Amino acid sequence: AAGGRSLPTARPPLPAGMVWLPLGRAWPFPLRAAPGEAGGAPRVTWLGGAGVWAMSRRERGPESGSSDAGATVEDAAELESPDQCLSLLPWDRFSAWLHCVCVVGFDLELGQAVEVIYPPHSKLTDKEKTSICYLSFPDSNSGCLGDTQFCFRFRRSSGRKVSCCFLDQLDRDLPVYLKKDPAYYYGYVYFRQVRDKSLKRGYFQKSLVLISKLPYVHLFRTMLKQIAPEYFEKSEAFLEAVCSDIDRWPPPVAGKVLQLPIMGVTMKLRIPTYRDKPGTTPIVQNMHQADAQISMALPTVHEVDLFRCFCPVFFHIQMLWELVLLGEPLVVMAPSPAESSETVLALVSCISPLKYCSDFRPYFTIHDSEFKEYTTRTQAPPSVILGVTNPFFAKTLQHWPHIIRIGDIKLPGEVPKQVKVKKLKNLKTLDSKPGVYTSYKPYLNKDEEIVRQLQKGVQQKRPTEAQSVILRRYFLELTESFIIPLERYVASLMPLQKCISPWKSPPQLSQFSQDDFMKTLEKAGPQLTSGLKGDWIGLYRHFLKSPNFDGWFRSRRKEMTQKLEALHLEALCNENLVFWSQKHTEVETVDLVLKLKNKLLHADREHLPVKTDTLKKLQTHINDIILALPDDLQGILLKTG
């Protein structure tokens with residue numbers, strides 16, 4: 001990457017239409033884009049090992065004395081897959097997956113510092129860089145020697161709008177719990193700490209960090225496992241090559257099997273869609289590559305190993321489900337960021353397919369901008385789940401109502417011992433025994449069956465993947481039993497279709513009444529799908545005051561309002577609008593045309609669930625009405641967009 005390295009004498013054969021370039025900046029000819037490619041930047045590919053880049057000759061400018069001047073060239077576009085859009089700017093595909101890649105090292109004078117940001121044009125504010133610096137290094141008593149992987153989530157600086165057409169489209173097709181939150185970034189970390197006597201500090205300490213808007217924990221964890229060890233050996237040129245590979249990935253599309261090549265390995269995966277049946281994971285088969293590339297089928301893009309995470313608090317999973325459902329303030333105290341981040345992500349996912357609507361920080365440090373807000377004793381703790389490792393938090397967060405203390409996450413070879421719920425006053429330091437410290441009394445009776453089932457799995461040495469599937473299904477059935485009565489009641493707030501008139505505004509949804517909802521529980525409550533006994537009414541009353549209910553109801557209300565608007569559009573299309581316009585004044589007709597145009601614009605902008613045929617039919621109606629008007633009005637109405 002730095003300073004004109006000479007070409008090796010023996011070069012591996014290249015694909016047709018490609019030529020060798022030295023890694024030095026001073027190339028003997030100007031670079032230009034291939035015809036039809038925007039942005040003026042050529043498509044350059046790292047071919048590994050030889051210290052050179054390869055690029056299509058078609059993408060080179062006029063050459064001066066190049067030894068390859070007479071070589072035959074095939075069209076560069078043929079080298080790209082058909083679904084790749086040549087009109088995209090360089091780094092557009094990269095931006096759909098990652099915001100940037102950072103390297104954070106330890107400086108004796110400065111402490112943690114961002115050494116590299118790639119691509120170089122990526123924008124991070126000083127506040128964001130500071131957050132990344134502190135969150136990329138373990139902040140605990142445990143040494144974390146060797147390699148450690150973990151995840152963090154931090155608030156984006158306000159005032160910066162970053163939109164990506166790929167992600168906007170993706171978001172519409174995702175299940176609600178996977179939709180991106182525009183206010184936050186995720187950081188996926190591969191931290192290496194090894195002894196090195198040549199350094200003053202005595203240790204090599206560095207983190208490779210992927211910054212993304214996407215919550216695809218398993219995908220980025222797998223990716224880092226592939227590239228980070230090699231990066232620490234090969235340094236920056238390797239990082240450029242990795243980013244070049246990512247910029248060739250197809251955009252993220254929900255429901256489609258994607259093949260993502262990264263440095264000689266192809267990851268095959270499928271992003272879930274909102275149409276998927278909850279709890280089902282389509283199997284992605286391994287490919288048989290003709291070019292001998294290693295392929296890897298990822299069973300999930302976002303899920304963590306639930307059973308492994310919940311093992312330290314095995315007997316309290318149902319109580320923890322209630323605490324997460326109700327949006328209660330929770331602290332996870334762990335010996336390292338790996339354990340804290342995995343446990344927080346497992347907690348957030350345990351109420352799936354409901355979206356956890358409060359803030360959560362898989363790894364939180366004393367340097368975070370929200371630290372003062374979360375540790376103050378002058379007000380009640382906010383609805384948030386924090387993962388912490390610094391022993392300092394054992395004192396500063398003693399006033400929090402629910403604290404989970406975990407030790408090292410290891411899969412036990414024997415049945416976990418039952419750990420009682422402890423009182424908060426017993427939590428003095430981070431050296432306290434693992435367990436759940438709370439005075440919370442669960443609303444539902446304990447489900448002994450799931451505990452027995454998982455205990456039996458441990459005794460029979462059932463694989464942890466199978467244990468996680470059992471636990472995930474249990475949480476799913478529990479959440480669905482809870483949410484189905486709410487879904488049923490909210491559906492009853494929808495007006496009848498006969499109330500929809502093309503000549504009136506779409507009718508409004510009925511108001512949500514807590515009392516009316518509670519009355520429905522006697523006959524159509526969770527007892528229809530769950531055998532669990534307990535105070536379900538009390539649980540619902542508490543839930544209706546929580547951020548999770550607020551987020552869920554806002555989402556459902558928006559869906560239902562859009563459905564009403566779509567039905568109203570269909571009703572309009574079924575009317576003879578030209579006949580109506582002939583019986584009304586020109587002013588009323590012009591008003592109708594403008595309103596119909598606005599409705600079309602709104603349907604497109606809000607992505608209303610309307611059939612394409614309906615929109616075409618409405619556009620035809622508009623055109624027919626305009627053509628029936630005098631010429632001067634036609635000209636004006638055709639010009640207005």
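Residues numbered from 1 in each chain as written. Predicted model: local features only at pLDDT ≥ 70, side-chain atom pairs only at ≥ 80, totals over all residues. Heavy atoms only, no water.

Per an unreviewed UniProt entry, the recorded name for the protein chain is DEN6A protein, and the organism is Melanocharis versteri. UniProt lists a comment for the protein chain under the heading Sequence similarities (unreviewed entry), and it reads "Belongs to the DENND6 family." (UniProt positions renumbered as here; feature names shortened; annotations may be inferred.)

**Some remarks on the overall build of the protein chain**
In terms of regular secondary structure, the protein chain is built from 19 helices and 16 strands. Across the protein chain, every contact between residues at least 6 apart in sequence was considered, and the portion connecting residues at least 24 apart equals 71%. A total of about 31500 Å² of accessible surface is found on the protein chain, and carbon and sulfur atoms cover 53% of it. (Helix = DSSP H or I, 4+ residues; strand = E, 2+ residues; numbered from the N terminus. Contact = heavy atoms within 4.5 Å. Areas by Shrake-Rupley, 256 points an atom, 1.4 Å probe, with all protein chains shown as cover.)

**Concerning the packing of helix α12 (residues 464-491) against helix α15 (residues 547-573)**
Helices that pack against each other are described as a pair by the angle of their axes relative to one another and the distance between those axes. Running from amino to carboxyl end, α12 crosses α15 at an angle of 40 degrees, the nearest separation of the two axes being 11 Å. One way to sum up the angle between α12 and α15 is to call them oblique. For α12 against α15, the interelement crossing comes out right-handed. Listed contacts from α15 to I483, L486, E487, V490 and A491 of α12 are F549, W552, F553, R556 and M560. Taken together, the residues of the contact of α12 with α15 sort by class into eight nonpolar, no polar and two charged. (Axes fitted to C-alpha atoms, helices over the stretch in contact; angles between N-to-C directions. Parallel < 35°, antiparallel > 145°, perpendicular 65-115°, else oblique. Left-handed = near helix turned anticlockwise from the far one by under 90°. Nonpolar A, V, L, I, M, F, W, Y, C, P; charged D, E, K, R; others polar.)

**Focus: the packing of aromatic side chains**
Taken as a whole, this structure holds 37 aromatic pairs when the rule is applied. Judged by centre distance (6.3 Å) and plane angle (70 degrees), the ring pair of Y440 and Y443 falls under edge-to-face. On the basis of an interplanar angle of 80 degrees and a centroid distance of 5.4 Å, the ring pair of F517 and Y540 is categorised as edge-to-face. One end of the pair, F517, is in helix α13 (residues 514-524); the other, Y540, is in helix α14 (residues 536-543), and 23 residues separate them in sequence. An aromatic cluster of three or more residues is present, and its members are W321, F482, Y489, F512, F517, Y540, F543, F549, W552 and F553. In this structure, R153 is placed above the aromatic ring of F360, and the distance from its NZ or CZ to the ring centre is 4.1 Å. (Phe/Tyr/Trp six-rings, centres within 6.5 Å; stacked < 30°, edge-to-face > 60°. Lys NZ or Arg CZ within 6 Å of the ring centre and 35° of its normal.)

**Considering the nonpolar core**
A general feature of soluble globular proteins is that nonpolar side chains tend to end up buried together. Membership of the largest hydrophobic core comes to 113 residues, with the highest contact counts inside it found for W97, Y216, F310 and L486. If you tally residues by element for this core, the top one is α12, at 10 residues. Among the domains, domain 1 (92-247) and domain 2 (306-554) are the pair contributing at least three residues each to this core. Excluding anything up to four places from it in sequence, F310 contacts I317, L320, A346, L347, C350, L471 and F475. (Core = buried A, V, L, I, M, F, W, Y, C linked by side-chain atoms within 4.5 Å. Buried < 20%, exposed > 50% of the residue type's maximum accessible area, 1.4 Å probe, protein only. Domains from an automatic or database assignment.)

**Considerations on the sheet that holds strand β12 (residues 330-333)**
With mixed pairing, the five strands of this open sheet are ordered in space as β13-β14-β12-β15-β16. The open sheet has two edge strands with one neighbour each: β13 (359-361) and β16 (435-438). Strand-to-strand twist across the sheet, computed as the mean angle between neighbouring axes with direction ignored, equals 15 degrees. Taken together, the four bridges between strand β15 (residues 402-405) and β16 define a ladder with antiparallel strand orientation. Directly across from H402, in β16, lies its bridge partner T438. Contacts between helix α7 (residues 317-325) and the sheet are confined to β12, β14 (384-388), β15 and β16, with β16 contributing the most and set at about 50 degrees to the helix. Along the sheet, helix α8 (residues 337-349) contacts β12, β13, β14 and β15; its crossing angle with β14, the most-contacted strand, is approximately 160 degrees. (Pairing = 2+ DSSP bridges.)

**Details of helix α2 (residues 126-135)**
Every buried residue of α2 is accounted for by E128, I132, C133 and L135. At its buried positions, α2 is contacted by β4 (100-107), β5 (111-118), β6 (146-155), β7 (184-195) and β8 (203-212).

**Here's the deal with the sheet that holds β5**
Here we have five strands laid out as an open sheet, ordered β5-β4-β8-β7-β6, and antiparallel in their pairing. Looking at which strands have only one partner, the edges of the open sheet turn out to be β5 and β6. Sheet twist, expressed as the mean angle between neighbouring strand axes with direction ignored, is 25 degrees. Bridge count between β7 and β8: 10 bridges; the pairing is antiparallel. Considered in β8, the bridge of F191 is made with S207. Along the sheet, helix α4 (residues 217-234) makes contact with β4, β6, β7 and β8, crossing β7 at roughly 40 degrees.

**Quick look at the environment of Y440**
Tracing the backbone through its elements, the reader meets Y440 in the loop between β16 and α11 (448-459). Classification of Y440 as buried rests on a relative accessible area of 12%. Between the C-alpha atoms of Y440 and H402, which are 38 residues apart in sequence, the distance is 7.7 Å.

**Observations regarding the pattern of salt bridges**
Considering all chains together, one arrives at 20 salt bridges under this definition. Residue D147 pairs with R192 through a salt bridge whose shortest N-O separation is 2.9 Å. Taken together, the positions of D147 in strand β6 and R192 in strand β7 put the pair 45 residues apart, joining distant regions of the chain. In this structure, E370 engages R155 in a salt bridge whose closest nitrogen and oxygen atoms are separated by 2.8 Å. Here the residue E370 occupies a position in the loop between β13 and α9 (371-375), and R155 occupies one in strand β6, the gap between them amounting to 215 residues. The exposure class assigned to E370 is buried, which follows from its relative accessible area of 8%. Residue class for R155 comes out partly exposed when judged on its relative accessible area of 37%. In the salt-bridge network here, residues are joined through shared partners; they are R153, R155, D181, D359, R361, D368 and E370. (Salt bridge = Lys/Arg side-chain N within 4 Å of Asp/Glu carboxyl O.)

**Digging into the environment of R195**
Tracing the backbone through its elements, the reader meets R195 in strand β7. Sequence separation of R195 and L145 is 50 residues, and the distance between their C-alpha atoms is 8.4 Å.

**Comments concerning the side chain of R270**
With respect to the helices and strands, R270 occurs in strand β10 (residues 265-270). Separated by 3.4 Å, the side chain of R270 and the backbone oxygen of G255 make a polar contact. A polar contact is formed between the side chain of R270 and the side chain of D276, at a distance of 2.9 Å. (Polar contact = N/O pair within 3.5 Å; in protein donor to acceptor, adjacent residues only side chain to side chain.)

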